[in-house]
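Structural characterization, general
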Amino acid sequence: MNYTSTRNNKLSVSGSTAVLTGLAPDGGLYVPESFPAVSREDIERMTDMDYPERSAFVMSKFFDELTQDELLDIARRAYATFDGDPAPEVKLDGGLYVLELWHGRTHAFKDMALSVLPLLMTALKAKAGQKETCLIPVATSGDTGKAALEGFSGVDGTAVIVFYPDGGVSHTQRRQMVTTLGDNVKVVAVRGNFDDAQTAVKKAFGDAELKEKLAAAGCKMTGANSINLGRLAPQVAYYFSAYADLLSSGQIEYGDKVDFCVPTGNFGNILAAYYAKLMGLPVGKLICASNDNKVLTDFLDTGVYSLDREFVKTTSPSMDILISSNLERLLFEFAGRDSDTVRAWMDELRTAGSYDIGGERLCEIRETFWGGYALQDDYADTLCDVYDEYGYLCDPHTAVAFNVLAQYREECDDDAPAVVVSTASPVKFASTVLESIGLSAPDDDVAALRKMEEETAFPVPESVYALFDMDERFGEVIDPDELPAAVLAFAESL
Ligand SMILES: *Cc1c(COP(=O)(O)O)cnc(C)c1O
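First things first, this report covers the structure right here in the doc. (Residues numbered from 1 in each chain as written. Predicted model: local features only at pLDDT ≥ 70, side-chain atom pairs only at ≥ 80, totals over all residues. Heavy atoms only, no water.)

Bringing the sheet that holds strand S2 (residues 8–14) into the picture now. One open sheet accounts for three strands, arranged S2-S1-S3; its pairing is antiparallel. Pairing within the sheet leaves two strands with one partner each, and these edge strands are S2 and strand S3 (30–32). On average, each strand axis in the sheet is inclined to that of its neighbour by 40°, with strand direction left out of account. Pairing of strand S1 (residues 2–5) with S2 involves three bridges; the strand directions are antiparallel. Counted as the bridge partner of Asn-2 is Ser-14 from S2. Across the sheet, helix H14 (residues 327–334) is in contact with S1, S2 and S3; its angle to S3 comes to roughly 45°. (Pairing = 2+ DSSP bridges. Helix = DSSP H or I, 4+ residues; strand = E, 2+ residues; numbered from the N terminus. Axes fitted to C-alpha atoms, helices over the stretch in contact; angles between N-to-C directions. Contact = heavy atoms within 4.5 Å.)

Below, the structure written as C-alpha cells:
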C-alpha cells in the first residue's frame, strides 16, 4: 500500500515514509492510493477477536511492510496501558450506544492513537533502515501534549519535546505534563499564546540549520499531530470494533447501517469513520458535532469554509478549533482525488480566509455527513438530561455529540442505531460536569474530583489523584525564537 498527497496526486510514497515524515513535501496530507477492502467475512471474524487483534487487523490494511505478528505485538503493547477494554460500547437504550474511547492513560481519545504511534514509528523506522532517533516537537494547547508524552515516554529510538503556552493551559493540564516520567521526554513553556508556540514549532520543522545540527546529534524531526497517518489508521479500527460489538451482542444484523455521532475538532476522528465506510463498513450517517466554534456546521450547510468568525473559548476546549486540518483529506475524496482543486482551495483559505466547494460536491458530501452544533449552555443541559435519563455521566465534549444527535434524529426522522463517540472521561472536566448537573464546583481540582465522585458515584482512578502529589520535573520558560535552541539542547542531552 502506497500513499499519495492531497496536493500532488502524482506522488507515491511508502507507509513508512508517510508516518516518519508526517506531512508531504508539498504541504499536503498523505492519503491511501486506494482504499483497502474489508469484507463481510472479515467483519464477522472480528466478533471473535479482542481489541488488539481487531486493531492489528485493520492496521495491516494500511501498513503492509509490517507483518500481522509485528502489528499485533504493537497493538498488544499499546493497549496494555489501557484500563480494561480499550473501546467498550455502552448501551443506553435500544438503538443508542456510547463508544468510550477514554480508558487510556490520559483519559481522552487521543490515547487510542498516541499509544500506537510511537511503536509504529520505531517498527517502520527499523524497516526503512533509519538509524536516527525520531525527535518529536509538539505544540499543545493542553490535551495532546500529555497524550504524546505518555505515548512516547520510554519508547526506544524516540524522544518528545512538548511546548505549551506559558499560562495558557489549565492548572491540571500543566501538572499532568510537567510530572511526566522518562528520560526521552521534555516539557517547555513558551511565552505567548498557543498560536505563538505552534508557529514556532512549524518554523523549526522548516529550519535547515537546525536539521543539520540535529543530524549531527543523531536525531531527525518528525510530526506527531493529528494529520500523521500513523494516528489515523489506529482510529479507523475502533469503528470496525464498535460494529463488531453490535453484531456479536445481537443488537444488529450484518448489513444494518449504523450512524456515528462524533464530537469534532480537527476532523481526524470522524474522518477515520469515513475511511472505515470507504473500506466497506456498513455506516449510515456520520454526524459531525461542533460546539460554539461551528465552522464545520456552516461548511456542511453552505459548502463555504470561512474563517471570518470569532474564536470562542468553551468548556469543550478540544473542539475549539477554526482550521480543521484533516478536512483536507475529505475534500480530496469529494474532489474526485484531483489535487489541483484541493491545492487551490487551500490557497484560497490562506490568502482570502475562505473557499467554496460548490453545490454539487456539497450534495454528495451530505449524502453521508450531517453537521450540527450545540452552544455551551445547551450542551450543559444535555449533559444533565443524559445523566437524569440514563444515569450515564459524560464529559462536555460527549455532551455536544448527544445534543447534536438529538437534533439530527428530530430533523431527519432517522431511527437507525446510533453510536455516540465519547472522547473524554468526566474526570478530565470535573468542574464543568458538576456545574452542568446543577452543583457548585470547588476551586481546587482535587476537591472537585472528590465531590464529583461522591455525588455521582463515578469512579475516579487513584492515578488521577496521585498526579497531584507527583514532583514537577520541568520548569523552563522560553521565548518563541529560542525554540530551535531548546530542541537542539534536548537532542544533545539524549
Ligand atoms: C481531540 C479531541 C476532540 C476532537 O477530535 P478531532 O479528531 O480533532 O476531531 C474531541 N474531543 C476530545 C476530548 C479531544 O481530545
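To continue, consider the state of the cysteines. Summed over all chains, the structure comprises zero disulfides. Cysteine Cys-219 shares no disulfide, and the gap to the nearest cysteine sulfur, in Cys-134, comes to 9.2 Å. Under the relative-accessibility criterion, Cys-219 is labelled buried at 4%. In this model Cys-394 remains outside any disulfide bridge; the closest cysteine sulfur is found in Cys-384, 10 Å from its own. By relative accessible area, Cys-394 is classed as buried at 2%. (Disulfide = S-S within 2.5 Å. Buried < 20%, exposed > 50% of the residue type's maximum accessible area, 1.4 Å probe, protein only.)

What follows concerns the site of the ligand. In the vicinity of the ligand there are 13 residues, among which Lys-110, Gly-265, Asn-266, Asn-269 and Thr-423 approach most closely. The backbone of Asn-266 places a nitrogen or oxygen atom 2.6 Å from an oxygen atom of the ligand. Measuring from an oxygen atom of the ligand, one finds a backbone N or O atom of Phe-267 at 3.0 Å. Compared with its free state, where it exposes 380 Å², the ligand has 97% of that area covered by protein. (Near = heavy atom within 4 Å. Polar contact = N/O pair within 3.5 Å; in protein donor to acceptor, adjacent residues only side chain to side chain. Areas by Shrake-Rupley, 256 points an atom, 1.4 Å probe, with all protein chains shown as cover.)

On to the environment of Val-31. Here Val-31 is to be found in strand S3. What Val-31 contacts, discounting residues up to four positions off in sequence, is Asn-2, Tyr-3, Thr-4, Thr-6, Tyr-275, Arg-329, Phe-332 and Arg-337.

Right, let's get into the packing of helix H10 (residues 208–216) against helix H22 (residues 483–493). The interhelical angle for the contact between H10 and H22, taken along N-to-C directions, is 10°, at an axis separation of 9 Å. One element, H10, and the other, H22, form an angle in the roughly parallel class. Facing Leu-210, Lys-213 and Leu-214 of H10, the residues of H22 in contact are Pro-484, Val-487, Leu-488 and Ala-491. Residue composition of the contact of H10 with H22, grouped by class: six nonpolar, no polar and one charged. (Parallel < 35°, antiparallel > 145°, perpendicular 65-115°, else oblique. Nonpolar A, V, L, I, M, F, W, Y, C, P; charged D, E, K, R; others polar.)

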